[in-house]
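# Coordinate analysis (summary)
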Amino acid sequence: MTDTNKKRFRQSSILESFATNRPKRLTHEVNRQMSTRSDLEADCGRELLAAAAEKRQRHCQPESVESDDDCGGPADFLTWTFNLSPEDKVRESPGNGGGDGSSTPDLFDMESAEVDKELSLGTSLLEMKTNRSCRQSLPPLRSASDHTVLFDTNCSVSGERPPSPYPREYVDRWDGSHVKMPCSTSENNLCPVANAEQYHNVGLLHRWNVISEALQCKMRSWQDLKKTILRYNSRYQNQWDFNVLEEFFNELNETETEAFFETTLPKMVRLALKLKSICTKPIPLLQKGSSHAITMSQLQIACLLANAFFCTFPRRNSQRQNSEFSNYPSINFVGLFNGSRRCKERIEKLKCLLNYFRRVTEKEPCGTVSFKRQQLPNHPSWSTSREQLSKLRVTTEGKIEDSRGMLQVDFANKRIGGGVLTGGCVQEEIRFVISPELIISRLFTEQLSPHEAVIITGCETFSSYEGYAKTFVWSGNYLDEQTRDSWGRLFVEVVAIDAEPFKSQKAKQYAPNFLTREINKAYCGFFCDGATSDNQPSVATGNWGCGAFGGDPRLKMLLQLMAASQAGRDVVYYTFGDRELCRDIFDVYEILKEKEATVGFVWNVLEEYSSTVLIRKKKTLQQPLYEFVRKKVLNYSGDANANDNETGAKKISSCASSSNSVLPEMPQTT
């Protein structure tokens, strides 16, 4: 047995043991750590235990764990998915979030399973504001110039039945400001047919007619599904190989394949073909430079996603530079069906998505979801800000998506969703496949500019998972039991903010122009017009842009904390198992709070760090950031606060170690 297989075998043994003895072990380990930890850590341990117990009671039913390398493979997936109702089995996800390719250990991994390795510092979770504690009455839901509602707002959104579409009859719109629908009757929505002889030698037909006829043909295998999709995408006959789809279904036995093609797939077809009766209003594009919101029903989203699965959306298959939608993410699912690289990750994501389709076709979802593109062309003067730093909780365990009632940060790509419909499988992609309603934002959201963010409210979680990146696996169905607001949305809020990549030149992230870009981006996502610090939920975030993008997590924490403080929000920061980072962050935070440091003071320290520590030629760091910040604060006698910009500048320069340093030339952000 190889070393890797030995480790997996040991890990699965621990998983099995932990699943059956979890309450006893948790109590024993937490009691042991409380005898040695500080009072603060002891309080955090009790809080973790209470939260874990509540979660187990709601969601977790112990199960046996496979010990072979194919744990949770397609055969296990389909046997479970197509033969059981959503209520028959619910799994709690022990997976971990992360950022842009950073390594995030599994909570149940052998090296991190013990509770005494978890560390939480700072403000208690009970003191962190959530949307329940900040709950404000919403105005009546109405369409407006900056808000498009796709259903009848006079109908009840109680969650008992789906809202009725509005208007009742389908309205066609084929222009540059709206989604080009596959069911459009426009003369521009024509489809080249592969075998024109079957259609009286007509080479171009209305796309929806071809789609409808193709989807209504009986499909009994993945080859039939491939032929169906290619009938209205004939120009890609020699480009789309469907290798992943073939691999997925080749691992299933005859019974499992029949269950999918006889039960779930026909329901998906019927849902997709209801497009003209479910999505009757033209869907606006959320374009660059605009602040606009769209609210739609979960059933409308399900219908649109079913069409995306069957690759029906026109003009959305090409990502060439000069193509019509080159500034938009892909939406058709063909990227999941094709390719030889990262086949395993694609298969696991398909499991999540097929579980979603099984759920929404067995029982129609009844809630609503809002998508808001927010732009802030004007930002605070960071160097003169008088805002005090907000409350902070930093923890090594847990996931951002488990922060119920908080504003959950999506470490986004500027094309929202990143590689969710290809081979990508890090924080953003995982968040999107366990909550597939997020994926529909790709249909209408143009690439983000530096001063823009997307806020999504009400998305439901349908799947649990384990692992991250190459170790990511679908681990079961998930029932999201959160309550809804008066608009019918679950109390879940996700904000997509894209970080600047610093892969090859990591030192340039400390230059003032990039510091400004990142803090403005975070502030745009955290800002809520008209809200106060008393009625805004905390921000749940972590190592934003610190994986493949090369960001410094210590710097990104300070920037996000400053932006959240300016926006009136507290922060819960997840280090994803990194105890050293957890302690470093809290140590610096304590020093800053003790000196009553303002956002403006911290900003000036960062600018001073840029000018005194960066080397012009090598662009490498001479002194770690937090060491510099500690010395800067501790060497100053008095409150780290500035009455105005001039005073603040004097205080900063008074304790500078290298006042004659010159700021290196850095490339401008694009």
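Criteria and cut-off values
- Residues numbered from 1 in each chain as written.
- Predicted model: local features only at pLDDT ≥ 70, side-chain atom pairs only at ≥ 80, totals over all residues.
- Heavy atoms only, no water.
- Salt bridge = Lys/Arg side-chain N within 4 Å of Asp/Glu carboxyl O.
- Helix = DSSP H or I, 4+ residues; strand = E, 2+ residues; numbered from the N terminus.
- Buried < 20%, exposed > 50% of the residue type's maximum accessible area, 1.4 Å probe, protein only.
- Pairing = 2+ DSSP bridges.
- Axes fitted to C-alpha atoms, helices over the stretch in contact; angles between N-to-C directions.
- Contact = heavy atoms within 4.5 Å.
- Expected span 1.5 Å × (residues − 1).
- Parallel < 35°, antiparallel > 145°, perpendicular 65-115°, else oblique.
- Left-handed = near helix turned anticlockwise from the far one by under 90°.
- Nonpolar A, V, L, I, M, F, W, Y, C, P; charged D, E, K, R; others polar.

### A look at the pattern of salt bridges
A full pass over the atoms with the stated rule returns 18 salt bridges. In this structure, Lys180 and Glu324 form a salt bridge, with 2.7 Å as the shortest nitrogen-oxygen distance. Taken as a pair, Lys180 in the loop between strand S2 (147-149) and strand S3 (190-192) and Glu324 in the loop between helix H9 (298-309) and helix H10 (334-337) lie far apart in primary sequence, 144 residues in all. Among the residues examined, Lys180 registers a relative accessible area of 7% and is labelled buried. A salt bridge links Lys556 to Glu518; its shortest N-O distance comes to 3.2 Å. Taken as a pair, Lys556 in helix H15 (residues 553-566) and Glu518 in helix H14 (residues 512-526) lie far apart in primary sequence, 38 residues in all. When salt bridges with common partners are traced through the structure, they connect Asp498, Glu500, Arg517, Glu518, Lys521 and Lys556 into a single cluster.

### As for the sheet that holds strand S6 (residues 368-375)
Spatially, S1-S7-S14-S13-S8-S12-S9-S6-S5-S2 is the arrangement adopted by the 10 strands of the open sheet, whose pairing is mixed. Where the open sheet ends on each side, the last strands, each with one partner, are strand S1 (120-122) and S2. Across the sheet, the mean angle from the axis of one strand to that of its neighbour is 20°, orientation sign disregarded. Pairing analysis gives three bridges linking S1 to strand S7 (residues 392-395), with the strands arranged antiparallel. Bridged to Ser120 within S7 is Thr395. Of the strands in this sheet, strand S8 (407-412) and strand S12 (493-498) touch helix H12 (residues 427-434), which is tilted by about 120° from S8. Across the face of the sheet, H14 comes into contact with S6, S8, strand S9 (452-457), S12 and strand S13 (539-541) while running at roughly 160° to S12.

### Considering H14
Taking 1.5 Å of rise per residue, the 15 residues of H14 would be expected to cover 21 Å, and the 21 Å separating its terminal C-alpha atoms lies within 8% of that figure. Of all 15 residues in H14, 14 are buried; the element is thus mostly enclosed.

### Some thoughts on unusual backbone geometry
Between Tyr166 and the following residue, Pro167, the backbone shows a cis peptide bond with an omega angle of -5°. Turning to its location among the elements, Pro167 is positioned in the loop between S2 and S3. Positive phi, normally seen in glycine, also occurs at Phe242, with a value near 55°. Summarising the element assignment, Phe242 is placed in the loop between helix H5 (222-231) and helix H6 (243-250). Owing to a relative accessible area of 0%, Phe242 belongs among the buried residues under this scheme. Positive phi outside glycine occurs at Phe576, with the angle close to 55°. On the secondary structure map, Phe576 appears in the loop between strand S14 (571-574) and helix H16 (579-594). Assessed through its relative accessible area of 3%, Phe576 is described here as buried.

### Focus on the packing of H15 against H16
Packing of H15 against H16 leaves a shortest axis separation of 11 Å and a crossing angle of 45°. Compared by their axis directions, H15 and H16 come out oblique. Note on packing geometry: the crossing formed by H15 with H16 is right-handed. Taking contact as the criterion, the partners of Pro553, Arg554, Met557, Leu558 and Leu561 in H15 are, on H16, Glu580, Leu581, Asp584, Ile585, Tyr589 and Leu592. By residue class, the composition of the contact of H15 with H16 is eight nonpolar, no polar and three charged.

### Structural notes on the side chain of Thr123
Relative to the assigned elements, Thr123 resides in the loop between S1 and S2. When neighbours within four sequence positions are excluded, Thr123 is seen to be in contact with Met128, Lys391, Leu392 and Arg393.

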